[in-house]
Amino acid sequence: MIAVETALGHIFDLVAPLQTEDVPLRLAAGRVLAGPVAARRDQPPFPTSVMDGYAVRAEDVHAGAVLSVVAEAAAGHATEVVVGKDQAIRIFTGAPVPAGATRVIIQEDVTRSGNEITLGEALDATSPYIRPKGTDFAAGDRIEAPRRLDPASLTLAAAMNLPVLPCRRRPEVAIIATGDELVLPGETPRPDQIVASNGFGIAAMVEAAGAVARLLPIARDTVASLSSAFALAEGADLIVTIGGASVGDHDLVRATAGAKGLETAFYKVAMRPGKPLMAGRLGDIPMIGLPGNPVSALVCTQVFVVPALRVLLGYPAAPAPRQQAPLAAPVPANGPREHYMRARLGPGGLTAFERQDSGLIGVLADADALLIRPPHSGARAAGAPVEYLPLTRER
């Protein structure tokens with residue numbers, strides 16, 4: 001068995017950033033920006049009124065001053081009239097500030113009669129209420145890459161007048177669940193069968209990471225069925241198999257893939273859950289073989305598959321980011337394998353679930369963290385700091 005860090009390094013050696021493609025702004029949500037892009041204009045492109053009121057010269061402002069209203073400016077309707085001495089221009093939020101004006105008096109501080117305004121006794125002096133040109137960004141300012149394009153990033157790109165963005169191509173991940181014991185949800189299992197579940201969770205994790213999941217038909221425990229599944233996976237950027245990679249008489253994934261030219265990078269990792277993990281290259285396609293136990297498969301997807309997808313999307317090779325929190329309850333000493341314990345994060349810190357069997361999907365669904373116990377780590381008392389991987393949960 002090899003260490004988790006070593007296994008992850010081998011997986012990173014198998015993957016490289018994918019090609020880029022130009023994506024219309026409207027279709028770029030969730031994509032990963034492949035290269036920096038620069039603003040084509042300043043934002044705002046002109047000094048802008050922040051409030052409804054009157055644009056005036058600052059030197060004309062004092063309590064009781066009477067000014068003549070000579071024009072009006074609104075958003076999308078600028079005026080070419082220049083503000084002169086003892087003059088004002090009615091202005092609305094978002095309108096370009098007229099030439100000559102250096103301050104906006106909010107309308108609450110003004111009394112108007114016809115085309116004259118009288119400034120109040122207690123003028124709001126907290127701000128000139130003018131947003132200078134380029135306050136947000138200037139032409140040439142950049143959005144750096146790689147960057148996941150969330151709603152705020154798309155809004156920024158649109159304001160920069162960028163209708164098309166260079167994005168990394170979405171990785172296509174072929175997911176192959178294996179085993180004679182599996183049937184799809186909705187089918188009627190025989191007494192010796194179970195419902196295939198892992199592929200659906202893994203597909204969701206893959207798509208949340210920015211890839212496209214291809215959930216292929218279940219491969220049965222025959223060389224012919226597995227060979228057909230590998231043929232269906234052609235053209236994918238990553239193959240993920242579930243189960244069948246161990247050493248039992250019916251575990252045929254390694255042998256079948258080996259007959260097709262699989263170059264194995266490693267087999268077996270010193271971790272719990274997830275020891276029977278493998279990786280290699282099948283022709284031009286990286287392949288990761290996950291364990292069949294549900295918790296093992298999903299934990300290994302979090303630890304190995306998602307970081308690999310991030311490399312395909314142009315991010316630097318790096319493990320899943322860990323966080324730190326105190327223990328809310330003690331944990332016993334750990335054995336020789338790095339242990340990813342399902343845990344709940346509360347106000348007092350992390351509490352590991354009592355049951356850690358790798359077949360217990362319900363425990364994983366209730367967890368919001370994977371508490372990481374290093375190999376040969378001694379017992380830890382409540383309050384001791386530990387590392388964990390956060391699991392996204394909305395309850």
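Refer to the preceding data block for the structure.
About the criteria used
- Every chain's residues receive numbers from 1 upward, in the order its sequence appears when written.
- Selection of residues for local features in this predicted model requires a pLDDT of at least 70, selection of side-chain atom pairs for listing and counting requires 80 or more, and totals for whole chains, interfaces and linings are taken over all residues.
- To get the side-chain values, take all heavy atoms of the structure and skip hydrogens and water.
- Salt bridges are defined by distance alone: a side-chain nitrogen of Lys or Arg within 4 Å of a carboxyl oxygen of Asp or Glu.
- Per-residue accessibility, obtained with a 1.4 Å probe over protein chains only, is compared with the maximum for each type, and a residue is labelled buried under 20%, exposed over 50%, and partly exposed between these values.
- Secondary structure elements follow DSSP: runs of H or I no shorter than four residues count as helices, runs of E no shorter than two count as strands, and numbering proceeds from the N terminus.
- A pair of strands is considered paired only if DSSP assigns at least 2 bridges between the two.
- Here the axes come from fitting lines to C-alpha atoms, over the contacting stretch only for helices, and the angles between their N-to-C directions go from 0 to 180 degrees.

### Quick notes on the pattern of salt bridges
Move 1: Enumeration over the complete set of coordinates arrives at eleven salt bridges.
Move 2: A salt bridge links Glu59 to Arg57, with the shortest nitrogen-to-oxygen separation between them at 3.4 Å.
Move 3: Overall, the relative accessible area of 56% leaves Glu59 in the exposed class.
Move 4: Look at Arg57 and you get buried, because its relative accessible area is 19%.
Move 5: For Asp237, the salt bridge goes to Arg169, with nearest N and O atoms at 2.8 Å. Residue Asp237 is found in the loop between helix 4 (223-232) and strand 19 (238-242), and its partner Arg169 is found in the loop between strand 14 (164-168) and strand 15 (172-177); the two are separated by 68 residues along the sequence.
Move 6: A relative accessible area of 11% places Asp237 in the buried class.
Move 7: Residues joined by salt bridges that share partners form a network here, namely Arg57, Glu59 and Asp60.

### Overview of the sheet that holds strand 19
Move 1: Overall, mixed pairing links the six strands, which are arranged 18-15-19-23-22-20 in an open sheet. Of all strands in the sheet, those with a lone pairing partner are strand 18 (212-215) and strand 20 (263-267), marking the two edges. For this sheet, the mean inter-axis angle between neighbouring strands, taken without regard to orientation, is 20°.
Move 2: Of the strand pairs in this sheet, strand 15 and strand 19 are connected by five bridges, and their pairing is parallel. For Ala174, the partnering residue across the bridge sits in strand 19 and is Ile239.

### Re the sheet that holds strand 9 (residues 110-113)
Move 1: Taking strand neighbours across the sheet as the criterion, the six strands line up as 8-5-7-6-10-9 in an open arrangement whose pairing is mixed. Strands at the two margins of the open sheet, each flanked by one partner only, are strand 8 (103-106) and strand 9. Mean inter-strand twist for the sheet, computed between neighbouring axes without regard to direction, equals 40°.
Move 2: Note that strand 6 (residues 66-73) and strand 7 (residues 87-91) share five bridges and pair parallel. The residue of strand 7 that forms the bridge with Ser68 is Gln87.

### Points about the pairing of strand 5 (residues 53-56)
Move 1: The pairing of strand 5 with strand 7 spans three bridges and is classified as antiparallel. Following the sheet pairing, Tyr54 is matched in strand 7 by Arg90.
Move 2: With four bridges joining them, strand 5 and strand 8 adopt antiparallel strand pairing. Note on strand 8: the bridge partner recorded for Val56 is Arg103.

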